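Coordinates in review
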Amino acid sequence: MCDSDDEYVKDYKKVLAMYMDAEFTIAIPSNELDKVVSTDKTISIKHTRSCYCYGDKPLPTQFFTVKCDDNQSLTNKYIIQELIKQNLRMNCNHVYLEGFHYLHDNVYETMMGS
C-alpha cells in the first residue's frame, strides 16, 4: 500500500509501464501483482458487459480460460498477461481492472471501475 499521493502515482505509473500492450488500465497495486488468485491450474474469467454504458444494448458476456503449468501459479500478474494475450478489451468507460472476484468453482469475474 502507498503512504502518500506521490508514492501512489509512482506505483500506478510503474504498473502501467509493465502492461503497455493492455487495452485496459490495471488498477492493482504493484505489491498485489504476485498475489495468488487461485491454486487451481485452470480458471475461467467472466467479463460482463452490461453496465449503464451500454444502455439497453449490452454486449454478450465474455469468458476467458486461463491455464498455467504445474510449476506456475495463477497470480494477478499471470492472469493479466493471459487476458492481454487473449485480447480482453473494454468497450465502455469502465477501463480500470481492479481485480478478480471469486464467483464459484473455478470461475472468477473481472472487477472493473471507471
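Heads up: these notes are all about the structure in this document.

**Description of helix α2 (residues 76-85)**
Three- or four-residue spacings in an α-helix give side chains the same orientation, since the helix completes a turn every 3.6 residues. Buried residues dominate α2, accounting for 7 of its 10 residues. Buried residues of α2: Asn76, Tyr78, Ile79, Ile80, Glu82, Leu83 and Ile84, and no others. Residues of α2 that are buried in the fold lie against β1 (25-26), β2 (36-38), β3 (42-49), β4 (59-67), β5 (74-75) and β6 (96-104). One or two residues past the end of α2 sits Asn87, with phi positive at roughly 65°.

**As for the sheet that holds β6**
Pairing in this open sheet of 5 strands is mixed, and the strands run β1-β6-β7-β3-β4 from one edge to the other. Edge positions in the sheet fall to β1 and β4, since each has one partner strand and no second. Inspection of the sheet shows β1 paired to β6 by 2 bridges, in the parallel sense. Each residue of the ladder has a partner; that of Ile26, found in β6, is Leu97.

**What to know about the nonpolar core**
In terms of nonpolar packing, the biggest core is built from 23 residues, with Tyr19, Phe24, Ile26, Ile45, Ile79, Ile80 and Phe100 touching the most fellow members. Looking at this core, the elements that each hand over two or more residues are β3, β4, α2 and β6. Among the elements that take part in this core, α2 stands out by supplying 5 residues, more than any other. Apart from the residues within four sequence positions on either side, Ile45 is in contact with Gln62, Phe63, Phe64, Val66, Ile79, Leu83, Phe100, Tyr108 and Thr110.

Conventions we followed
Residues numbered from 1 in each chain as written. Predicted model: local features only at pLDDT ≥ 70, side-chain atom pairs only at ≥ 80, totals over all residues. Heavy atoms only, no water. Buried < 20%, exposed > 50% of the residue type's maximum accessible area, 1.4 Å probe, protein only. Helix = DSSP H or I, 4+ residues; strand = E, 2+ residues; numbered from the N terminus. Contact = heavy atoms within 4.5 Å. Pairing = 2+ DSSP bridges. Core = buried A, V, L, I, M, F, W, Y, C linked by side-chain atoms within 4.5 Å.

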